[in-house]
There are 2 protein chains.
Amino acid sequence: MYRSHTCGELSENNINQEVTLAGWVQKSRDKGFMIWIDLRDRYGITQLIFDEERTASDLMEKAKNLGREFVIQIKGTVIERTSKNPNIPTGNIEVLVTELNVLNNALTPPFTIEDETDGGDDIRMKYRYLDIRRNPVRENLIFRHKVTMAVRNYLSEKEFVEIETPYLIKSTPEGARDFVVPSRMNEGQFYALPQSPQTFKQLLMVGGMDKYFQIVKCFRDEDLRADRQPEFTQIDCEMAFVEQEDILNTFEGLTRHLLKEIKGVEIGEFPRMTYDEAMQRYGNDKPDIRFGMEFGELNKVTQHKEFGVFNNAELVVGIAVPGANSYSRKEIDKLINWIKRPQIGALGMVYVRCNDDGTYKSSVDKFYNQEDLAKWAEATGAKAGDLICVLSGEILKVRTQLSALRMEMAERLGLRKNNEFAPLWVVDFPLLEWDEETKRYHAMHHPFTSPKPEQIELLKTNPGEVKANAYDLVLNGNEIGGGSIRIHDKKTQAMMFDYLGFTPEEAKEQFGFLMDAFQYGAPPHGGIAFGLDRLVSILGGQETIRDFIAFPKNNSGRDVMIDAPAAIDNTQLQELCLKLDTKA
Amino acid sequence: MYRSHTCGELSENNINQEVTLAGWVQKSRDKGFMIWIDLRDRYGITQLIFDEERTASDLMEKAKNLGREFVIQIKGTVIERTSKNPNIPTGNIEVLVTELNVLNNALTPPFTIEDETDGGDDIRMKYRYLDIRRNPVRENLIFRHKVTMAVRNYLSEKEFVEIETPYLIKSTPEGARDFVVPSRMNEGQFYALPQSPQTFKQLLMVGGMDKYFQIVKCFRDEDLRADRQPEFTQIDCEMAFVEQEDILNTFEGLTRHLLKEIKGVEIGEFPRMTYDEAMQRYGNDKPDIRFGMEFGELNKVTQHKEFGVFNNAELVVGIAVPGANSYSRKEIDKLINWIKRPQIGALGMVYVRCNDDGTYKSSVDKFYNQEDLAKWAEATGAKAGDLICVLSGEILKVRTQLSALRMEMAERLGLRKNNEFAPLWVVDFPLLEWDEETKRYHAMHHPFTSPKPEQIELLKTNPGEVKANAYDLVLNGNEIGGGSIRIHDKKTQAMMFDYLGFTPEEAKEQFGFLMDAFQYGAPPHGGIAFGLDRLVSILGGQETIRDFIAFPKNNSGRDVMIDAPAAIDNTQLQELCLKLDTKA
């Protein structure tokens, strides 16, 4: 062992002790007659001291030549510090060095290894191994480990069994794009990497393993949006002989446990909201309920005047932004420009200032009087000092736009507090969603989700209205988990594939094994999957999942550190019976 | 919830209680006036009873129609059994059914769902979800979970951090063949699936995460031998600021903990043996030391007579098989045929019967007298009643052959007891091994393994003699873990790549990121990786890893249940800029 102690554990209790430490040179201060070095490892920083009067001159010389990030091993005596540092656990002591051994040199790092670094994203990713030396990154990774251990121990104590499902499976064109893996031993054939272990966990239920979980990598070959990774980690769970209520309770328990164990936050029963209600009240199926600004629908109180924009709108809806009456005209104009950007795409915004004297001043005073505006204030819950922002247009679009505005205003007002946790179950998701592009229905969750049993008949006449026993767990405006009760009989599953546009042959080819399995005694079952990267980052009080992944990929799916993907040898291609082609 | 209790928990304490159970019909006995059904779930079996006198006739009728593996839910009252079954925990009670709800029908399963099934391997794999319902398979999977939880909690308590490394990495032609993954977003380029997270865990050491582990899937596109899987699971570990001794101690601790926690077996310090010694004493670098039959080298006591076979042999070596003097001439001939099979390839075998009266009878009595044979007995440790088996030829070949014979005889004699555990560290592995085919040296462990520092000079003159700080943990004749101290400076690593036949350009292209990292302050480090599938199967007292994998692949790398790999759509190929080619 290269050390007797870590750099984080020495204190007054160790004074006069001979110790051996190893670590990295964080920084050194050379006063000529005295040299101090901060020695860093994963556990902390310990100050080393070399002193003309007490240190041999060749050792002084050696110490002078140590550069940043050199790896050294020292022996020395723990002594009391004259000027103590109360900010670090080892701040009361230092080590008077008697022996110094350089274990490895270091080039000057391309960015500073400090909590706040001068390195940009790209350089930090290229030298991720140096980035990981920084406290915030290291602590995020340790935090992630802590969360996964808590998840595993909690579920394991509840008799869940972690079972590994295969990574080399079969490609199914439904849903997102698969990564595929050519098989050398089976010429012209391909495996696919799993987008989730969905069918396997259902087969485990058929196999009688009634409580399954797995923390598992999943893969999606999608065009990457910011903060998406081609490989991501799920906490994948499934239970048999359960109804929706059982799943919600079980995983509410898990989430409550994590909040308590990891964050010390005690939270009671999680509120629940239907999808329809969430859309109506927040314009969003994953509302952040840490703050208000609920939607007030204004059709009734706006569509009786001459204002054509509103009269022609499917939906007129507003929010009261607390205290934003103080916004200047210029600031409001900037806000309107913000919401008109193509990413959001609103055509404009009507606003009402709620003055302290109880009067209103709106951008549409030409059409609406104080009495009208008072009704708007009532519908949006606006108080004196607030600013009512009103959008109008097609229901879906305008809800999305206003939701974006609500989140933006919350951000600006500091209402999205990262030490506050507001979980929410959103339930009764629609079974299907209409896809304009392909002109057919897609499964909103996935094709294995069970429609509400009482609505199966409705599928024939109004498929878009059918709800599913599908649910999302939302935390602070992020979907951290989602799942459903599954279909567990062949007939319903075949019908569902039919509705989704599969021919019977396609259904059989792709999912025949599952439908076969349903014939041999499949129990009722359902489950949920949590996005671990997201969950960890929210619990960690941050928004970027990349900060919680040891070796993330960039937005082009590249690992810039190892420079992957890359070309492969021709012999490899030949063995796989593949040829490169050019883009069609 | 579909049940108030599981099928494994009811006992006398529940008598008169109303319960709801759900599960599978294991079997039913219909006496006309009385029907018993064994209801099965993951937790056990509970006997249900329907009885003319106490059960409504329509319910009797319904019960009569239940087939094997139907999924049912029942309500009923726990009553005392008249004829108790002491073999199962619920054997003292039965449930008098008052309500029966068929949750799902089942076709007759293609094999019996019993501990001993009538299903062959192929059919069981095709219907693996039914196979998993069988106790032995289910228990293996739960056992695996128990082992991984014990590993994780042990390492976590020792301050190891589980860190996920990427699955989409870069292909390196060194070593086994990679599975590759074409990148759609990077035309003509490929990711590779990791054969192990080797370079990433080393980068984590450079990053200061001084104790890392990960239970992780790894991939090798090799021609599959029996009991190899293209995807397999490792317990991958690495530590910084350690020497070999620290790693051996740490993971000996883990293994000892597992043996105690999982098997209740207490084992003291693990013996250690050098690679050379293991080869000499057992002809094998992973000797099973649960039994003796150590090799006795016989060159000295055989090569002074007229027996040309021995005189011309590089090595003459024998083992004393305990009690095998009782083998008939015919049995010995069969044994000789066994060892001459091409899989083993011995040219013949000389044997000596050690008679109870202290005399010897050998197959080469023409050349050797009693005095000679007594020396053979001494060298092999043979006692009266034993059979000495002697092989001769080239050192490496003959050792491998005799080792195979030793294992076979141990198997026949019942010496490979699966409830006995004999761990062993094999250390000082050679750094390189000569490959006849490519006429160059390959890294025996991998190219990141450090030569013994004092032998670096020897690399230039006698590379084959250089030993590494590389070690295997052997359990009952199986390598369950292997690792090494790594190179941690650029110069040595570059030199090693040079010895292994890399041009500087190739080394830079493939492993430049690692050598760069070594320049920025890499600490000394080393690690180990355990084969989880193997470890679990040995702890479970079995030899076949497939029995401990939920969804294994067959020897052609196929998943016969889901029928993967399979052809993919042309559009998928086009998006990936690939064309199918025919085998060259």
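Remember, predicted model here, so these are calculated numbers, not experimental data. (Residues numbered from 1 in each chain as written. Chains lettered and ligands numbered in written order. Predicted model: local features only at pLDDT ≥ 70, side-chain atom pairs only at ≥ 80, totals over all residues. Heavy atoms only, no water.)

Our focus in this paragraph is the packing of helix α5 (residues 198–206) of chain B against helix α15 (residues 504–518) of chain B. Residues and elements named next belong to chain B. Running from N to C, α5 and α15 point in directions that differ by 20°, and their axes come no closer than 10 Å. Overall, the two elements α5 and α15 adopt an arrangement that is roughly parallel. With respect to the hand of their crossing, α5 and α15 are arranged in left-handed fashion. Where α5 abuts α15, its residues Thr199, Gln202, Leu203 and Val206 lie against Phe511, Phe513, Leu514, Ala517 and Phe518. Among the residues forming the contact of α5 with α15, the class breakdown is 7 nonpolar, 2 polar and no charged. (Axes fitted to C-alpha atoms, helices over the stretch in contact; angles between N-to-C directions. Helix = DSSP H or I, 4+ residues; strand = E, 2+ residues; numbered from the N terminus. Parallel < 35°, antiparallel > 145°, perpendicular 65-115°, else oblique. Left-handed = near helix turned anticlockwise from the far one by under 90°. Contact = heavy atoms within 4.5 Å. Nonpolar A, V, L, I, M, F, W, Y, C, P; charged D, E, K, R; others polar.)

Residue and element names in this part refer to chain A. Residues Glu114, Asp115, Glu116, Asp118 and Glu139 make up a contiguous surface patch of negative charge. In this fold, Glu139 is placed in helix α4 (residues 135–157). Residue Glu139 is classed as partly exposed on the basis of its relative accessible area of 48%. (Patch = residues over 30% accessible without salt bridge, like charges linked within 9 Å, V, L, I, M, F, W, Y side chains within 5 Å. Areas by Shrake-Rupley, 256 points an atom, 1.4 Å probe, with all protein chains shown as cover. Salt bridge = Lys/Arg side-chain N within 4 Å of Asp/Glu carboxyl O. Lys, Arg positive; Asp, Glu negative; His and termini not counted. Charge placed at Lys NZ, Arg CZ, Asp CG, Glu CD. Buried < 20%, exposed > 50% of the residue type's maximum accessible area, 1.4 Å probe, protein only.)

Before going further, it helps to examine the packing of aromatic side chains. The final tally for this structure, using the stated rule, is 49 aromatic pairs over all chains. Taking the centre distance of 5.4 Å and the plane angle of 75° together, the rings of A:Trp24 and B:Phe241 count as edge-to-face. Within this pair, whereas A:Trp24 is found in strand β1 (residues 18–30), its partner B:Phe241 is found in the loop between β10 (231–240) and α6 (244–263), the two belonging to separate chains. The class for A:Trp24 is buried, based on a relative accessible area of 1%. Its relative accessible area of 0% is what places B:Phe241 among the buried residues. With a centroid separation of 6.0 Å and 50° between ring planes, the pair formed by A:Phe310 and A:Trp376 is classed as tilted. Here A:Phe310 is found in helix α9 (residues 308–311), whereas its partner A:Trp376 is found in helix α11 (residues 370–380), with 66 residues between them in sequence. (Phe/Tyr/Trp six-rings, centres within 6.5 Å; stacked < 30°, edge-to-face > 60°.)

Now for the packing of helix α10 (residues 329–340) of chain A against helix α12 (residues 395–412) of chain A. All names here are of chain A. Their axes nearest at 10 Å, the elements α10 and α12 cross at an angle of 135°. Put simply, α10 runs oblique to α12. The two elements α10 and α12 meet at a crossing, and its hand is right-handed. Together, Leu335, Trp338 and Ile339 of α10 and Gln401, Ala404, Leu405, Glu408, Met409 and Arg412 of α12 make up the contact between the two elements. Partitioning the contact of α10 with α12 into residue classes produces 6 nonpolar, 1 polar and 2 charged.

Quick look at the sheet that holds strand β3 (residues 44–51) of chain A now. Residues and elements named next belong to chain A. The strand order around the closed barrel formed by 5 strands is β1-β2-β3-β5-β4, and the pairing between neighbours is mixed. Strand-to-strand twist across the sheet, computed as the mean angle between neighbouring axes with direction ignored, equals 55°. In terms of strand pairing, strand β2 (residues 34–41) meets β3 through 8 bridges, oriented antiparallel. Of the residues in β3, the one forming a bridge with Leu39 is Thr46. (Pairing = 2+ DSSP bridges.)

All names here are of chain B. Every buried residue belonging to helix α14 (residues 490–499) is among Thr492, Gln493, Met496 and Phe497, and all of these are buried. Buried residues of α14, seen end-on, are gathered within an arc of 140° and therefore sit on one face of the element. Facing away from the buried side of α14, by more than 90 degrees, are the exposed residues Lys491 and Asp498. (Arc of directions from axis to C-beta.)

So, about the pairing of β1(A). All names here are of chain A. In this structure, β1 lies alongside strand β4 (residues 71–80), joined through 7 bridges in antiparallel fashion. Counted as the bridge partner of Trp24 is Val71 from β4. Where β1 hands over to β2, the hairpin turn is made up of 3 residues, of which Gly32 adopts a positive phi near 85°.

Further remarks concern the pattern of salt bridges. Enumeration over the complete set of coordinates arrives at 88 salt bridges over all chains. Here A:Arg290 ties to A:Asp288 by a salt bridge, and the two come within 2.6 Å at their closest N and O atoms. The buried category is assigned to A:Arg290, whose relative accessible area is 12%. Put simply, B:Glu231 and B:Lys553 hold a salt bridge, and the shortest N to O gap is 2.7 Å. Placement of B:Glu231 in strand β10 and of B:Lys553 in the loop between α16 (532–539) and α17 (570–575) is noted, with a sequence separation of 322 residues between them. The buried category is assigned to B:Lys553, whose relative accessible area is 2%. Bridged by salt links that share partners, the residues A:Asp121, A:Arg124, A:Arg128, A:Asp131 and A:Arg134 form one connected network.

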